[in-house]
Amino acid sequence: MGDCKPVTPTLEGEEDLIAAAQQIVMALETRRNLTSDARKILADLGTQLSSITKLSENKKEEEVEEEEGLGEIKERLNIIRDKVMNWEVDESMIWDCGSEEAYDYVKAVDEAQKLIETLESLCLDRHGEESELLCRAHDVVHTAMVRLEEEFRHMLVQNRQLFEPEHVSFRSSEEDVENEGSIISIGDESVEDSVPRDSISRRSLGDLVFDLVHPTVIPDLKCIAKLMFASGYDRECTQAFISGLKDALDDCLFMLEVEKLSIEDVLKMEWGALNSQIRRWIWVMKVFVRVYLASEKRLSDQIFGGFDSCSSICFVEASKSSMLQLLNFGEAIALGPRQPEKLVRILGMYEVLADLIPDIDALYADEIDSCVRNECQDLLRRLGYCVKATFLEFENLVASNASTTPFPGGGIHHLTRYVMNYIKTLTDYSETLNLLLKDSGKETSVSFSPDLNPTVEDNSSIRSSYCVSPTALHFRSLISILLCNLDDKSKLYKEDSLRHLFLMNNIHYMTQKVKDSELRTILGDEWIRKHNWKFQQQAMNYERATWSSILSLLRDEGIHYPGSNSVSRTLLKERMQSFYVAFEEVYKIQTAWLIPDVQLREDLRISTSVKVIQAYRTFVGRHCSNLSDKSIKYSADDLESFLLDLFEGSPRSLHNSYRK
């Protein structure tokens, strides 16, 4: 069977055929012998022929109009194309040349889009003039979209605004770095009393969301975005935005002096450098999330808020890499060795991240894969575990800290200062520690026996017991470990009196540290009373160990003639000489000993003086008739003055001293 090719009559042939048919109908209607049915048929045929004629005439008119419309479209398209291509030759940026030029360009592109819609609505022949015009229109719009993408990028870059308010500058918070009480190691004797806590409050950053780009160009950016989305170039527009915002956030981190460090780089850092990096990270996280990311989110909403989820997608894609860079540093810290000096800083990292979680959840609420939110939660858990493990490791280090030589002068051991300053610093993080240490397996109640407390009646059936916080339990455990360690160190002294002085000094220091700080709230007054009693007990033990044997020389036993009540002047003189020798030896040795606390030193001097001077005055007064002036080397006032020289840490001698 051959190809069947339809034959389409020309318009002129159709008109001739219709005219001939109409003449035949008219000729037949003039015949008189036609039946009524025949006349009716002829009348219907005439009507149909008239309708066909009108349709042909209308079609002809439409074709003329269509030709005229295509001509107008072609003319308008040529004008638009010329406008678009003129800017391709010009190296200037359109929006830099003024609002009038920008408005004219936008109007031309908008008209090109409408021409495309018009051409697409026509019944097109793929090879007709309409199809050719449509292709040309698409080419013009594509050229315009490429130019608009370039304008969009340029506008984002040129109108970017930097931000570093003085009152949240990290430099201002760094002024105390050289003087801060950084914890170096348990063996370091230069531990300061406190470690300043870095803080930028939510309130101080709450009003600091700023414009990442100048507000005056926001309408222009929205206009470009609207044009590109309407033309199907939404991907190109969003990629331009994401690229621009990524660069802005990279610049932000650079300005905040955040280094790109791998986990290996962080793990290799010396503590001094790492400490500085952690402090900066804590500060940067607050500023970056609450200022920069919040500002970026607002900009995304301003430009793409009307395009479904596009705003959230742009924000997430633009900010994800910067956030993960910051979180990667935290991950490295959590993986590092459990060193006590890091604990305060890790607690700071934990707290700032926990505080920022609600902000991060809000910013990334529409994140499809929840990558950033999940990474934050994972890091928070790792930091929490690191805090707990580091604290327990610190307890082990305190317990295992050994000494081979006694601490000079019986003063406050650097381990005592270190531990007490350490836990004093941790009081700032007590709520966080309560959360992280609650499942550590320690008992939740502590009982104190009243026989350790002088304020409670001696009744062994009475015991006080109450629930305490996890932080208090761990602090008490740590202090108990410290006390055991100090007791071991005290045994290195040869003199019992110096051993007791050493324990008195250290327990008193611990008690005062608790009494004068927030540790009092955590450990409680009962703990303070118990340890007050402990250091007072050591003070009494010191007095007994030092003065009991010396004061025994001021008793009457052994100075009488055998079998008589008469005092032997010779024995009395020897007894006085023995007392002076013993006193001078104590003076020589114990002036080199040290009681750092002024009040404690004064109290012990007074307590000692009362006992010694009273015994001396009584003894000398009772036997003054049997003592010559030469036998009394020192007066009571002399001895009292000498006792005031004790515990200053500077050795003195009474040899060659004379009675005043």
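Residues numbered from 1 in each chain as written. Predicted model: local features only at pLDDT ≥ 70, side-chain atom pairs only at ≥ 80, totals over all residues. Heavy atoms only, no water.

Participant: Pulling in residues and values, what's your account of the overall build of the protein?
Facilitator: Helix and strand counts for the protein come out as 22 helices and two strands. Nonlocal contacts in the protein, meaning residues at least 24 apart in sequence, comprise 79% of its contacts between residues at least 6 apart. Within the structure as shown, the protein displays about 34900 Å² of accessible surface, and the carbon and sulfur contribution to it stands at 50%. (Helix = DSSP H or I, 4+ residues; strand = E, 2+ residues; numbered from the N terminus. Contact = heavy atoms within 4.5 Å. Areas by Shrake-Rupley, 256 points an atom, 1.4 Å probe, with all protein chains shown as cover.)

Participant: Provide a residue-level description of helix 12 (residues 343-363), including the pertinent values.
Facilitator: Three or four residues apart is the spacing at which side chains of an α-helix point the same way, because the helix has 3.6 residues per turn. Between its first and last C-alpha, helix 12 extends 29 Å over 21 residues, near the 30 Å set by a 1.5 Å rise per residue. Maximal helix bending in helix 12 amounts to about 40 degrees, located at Ile-357; proline Pro-358 follows within four positions. Most of helix 12 sits out of view: 16 of its 21 residues are buried. (Expected span 1.5 Å × (residues − 1). Bend = angle between axes of the 7 residues up to and from the residue. Buried < 20%, exposed > 50% of the residue type's maximum accessible area, 1.4 Å probe, protein only.)

Participant: If you had to explain the packing of aromatic side chains to someone new, which residues and values would you point to?
Facilitator: Applying the stated rule across the entire model yields 24 aromatic pairs. When the centroid spacing of 6.5 Å and the interplanar angle of 50 degrees are considered together, the rings of Phe-152 and Phe-304 count as tilted. In this pair, Phe-152 sits in helix 4 (residues 129-158) while Phe-304 sits in helix 10 (residues 271-304), placing the two residues 152 residues apart along the sequence. The class for Phe-152 is buried, based on a relative accessible area of 0%. A ring pair is formed by Trp-547 and Phe-583, whose centres lie 5.9 Å apart and whose planes are at 45 degrees; its orientation type is tilted. Here Trp-547 is found in helix 19 (residues 525-551), whereas its partner Phe-583 is found in helix 20 (residues 569-590), with 36 residues between them in sequence. You can call Phe-583 buried: its relative accessible area is 1%. Counting every residue linked through ring pairs, the aromatic cluster contains Trp-547, Phe-579, Tyr-580, Phe-583, Tyr-587, Tyr-616, Tyr-634 and Phe-642. (Phe/Tyr/Trp six-rings, centres within 6.5 Å; stacked < 30°, edge-to-face > 60°.)

Participant: Any chance you could break down the pattern of salt bridges for me, citing the residues and the numbers?
Facilitator: Taken as a whole and assessed by the stated rule, the structure comprises 26 salt bridges. Arg-147 serves as the salt-bridge partner of Glu-151, at 3.1 Å between the closest nitrogen and oxygen. Of the two residues, Glu-151 and Arg-147 are both situated in helix 4; the distance of four residues between them amounts to about one turn of the helix. Glu-151 sits in the buried class, given a relative accessible area of 1%. Take Arg-147: its relative accessible area is 5%, and that puts it in the buried class. Note that Arg-290 and Asp-355 form a salt bridge whose closest N and O atoms lie 2.7 Å from each other. Here the residue Arg-290 occupies a position in helix 10, and Asp-355 occupies one in helix 12, the gap between them amounting to 65 residues. The class for Asp-355 is partly exposed, based on a relative accessible area of 35%. (Salt bridge = Lys/Arg side-chain N within 4 Å of Asp/Glu carboxyl O.)

Participant: Give a detailed account of the environment of Thr-608, specifying residues and quantitative values.
Facilitator: Within the secondary structure, Thr-608 sits in helix 21 (residues 598-622). Taking the C-alpha atoms as reference, Thr-608 lies 9.9 Å from Leu-644; in sequence the two are 36 residues apart. Excluding residues within four positions of it along the chain, Thr-608 makes contact with Tyr-542, Glu-543, Trp-547 and Leu-643.

Participant: Describe the confidence of the model for the protein, listing the residues and the values that go with them.
Facilitator: Put simply, the protein has an average pLDDT of 82, and 77% of its residues get 70 or more. The least confident element of the protein is strand 1 (residues 445-448), whose mean pLDDT is 39; the most confident is helix 17 (residues 496-515), at 96. Note that pLDDT drops below 50 for residues 1-11; the model gives that stretch two contacts with residues more than four away or on any other chain. Counting contacts from residues 172-184, a segment whose pLDDT is below 50, to residues more than four positions away or on other chains yields 28 contacts. (pLDDT = per-residue confidence, 0-100.)

Participant: Tell me about the state of the cysteines, and name the residues and values.
Facilitator: Under the criterion given, the structure shown has zero disulfides. Its sulfur unpaired, Cys-237 is 7.3 Å from the next cysteine sulfur, which belongs to Cys-310. In this model Cys-310 remains outside any disulfide bridge; the closest cysteine sulfur is found in Cys-314, 3.9 Å from its own. (Disulfide = S-S within 2.5 Å.)

Participant: Any chance you could break down the environment of Ile-528 for me, citing the residues and the numbers?
Facilitator: Tracing the sequence through the fold places Ile-528 in helix 19. Under the relative-accessibility criterion, Ile-528 is labelled buried at 4%. With 17 residues separating them along the chain, Ile-528 and Thr-511 place their C-alpha atoms 6.0 Å apart. Ignoring anything within four residues of it in the chain, the contact list for Ile-528 reads Thr-511, Val-514, Lys-515 and Arg-520.

Participant: Talk me through helix 15 (residues 430-437); I want residue IDs and the actual numbers.
Facilitator: Residues Ser-430, Thr-432, Leu-433, Leu-436 and Leu-437 constitute the buried set of helix 15. Around the axis of helix 15, the buried residues are gathered within 155 degrees of arc, so they sit on the same side. Residues of helix 15 that are buried in the fold lie against helix 12, helix 13 (371-400), helix 14 (414-426), helix 16 (470-490) and helix 18 (519-523). (Arc of directions from axis to C-beta.)

Participant: Tell me about unusual backbone geometry, and please be specific about residues and values.
Facilitator: Where the residue is not glycine, phi is negative for most of them; where a peptide bond is considered, it is trans in most cases. A positive phi angle, close to 60 degrees, is found at Glu-257, a residue other than glycine. Residue position: Glu-257 is located in the loop between helix 8 (234-255) and helix 9 (263-267). Given the relative accessible area of 37%, Glu-257 is considered partly exposed. Backbone geometry places Phe-647, a non-glycine residue, at a positive phi of 70 degrees.

Participant: Now, about the packing of helix 13 against helix 14: what can you tell me, with residues and values included?
Facilitator: One can describe the packing of helix 13 onto helix 14 by two numbers: an axis separation of 12 Å at closest approach and a directional angle of 165 degrees. Viewed along their axes, helix 13 and helix 14 adopt a mutual orientation that is roughly antiparallel. Between helix 13 and helix 14 lies a crossing whose hand is left-handed. The residues of helix 14 that touch helix 13, namely those facing Phe-391, Phe-394 and Val-398, are Leu-415, Tyr-418, Val-419, Tyr-422 and Leu-426. The residue inventory of the contact of helix 13 with helix 14, partitioned by class, reads eight nonpolar, no polar and no charged. (Axes fitted to C-alpha atoms, helices over the stretch in contact; angles between N-to-C directions. Parallel < 35°, antiparallel > 145°, perpendicular 65-115°, else oblique. Left-handed = near helix turned anticlockwise from the far one by under 90°. Nonpolar A, V, L, I, M, F, W, Y, C, P; charged D, E, K, R; others polar.)

Participant: Which residues make up empty space enclosed by the protein, and what values do they have?
Facilitator: Throughout the structure, instances matching the rule amount to six cavities of 30 Å³ or more. Its volume calculated, the largest cavity comes out at about 130 Å³. If you go around the largest cavity, the residues you meet are Glu-257, Val-258, Glu-259, Lys-260, Leu-261, Gln-277, Arg-280, Trp-281, Val-284, Gln-325, Leu-326 and Phe-329. Secondary structure elements with two or more residues in the lining of the largest cavity: helix 10 and helix 11 (310-335). For the lining of the largest cavity, the element with the highest residue contribution is helix 10, accounting for four residues. (1 Å grid on protein atoms, 1.4 Å probe; cavity = no way out; pocket = protein on both sides within 12 Å on 5 of 7 lines; lining within 4 Å. Points joined across faces, edges and corners; volume = space filled by probe spheres on them.)

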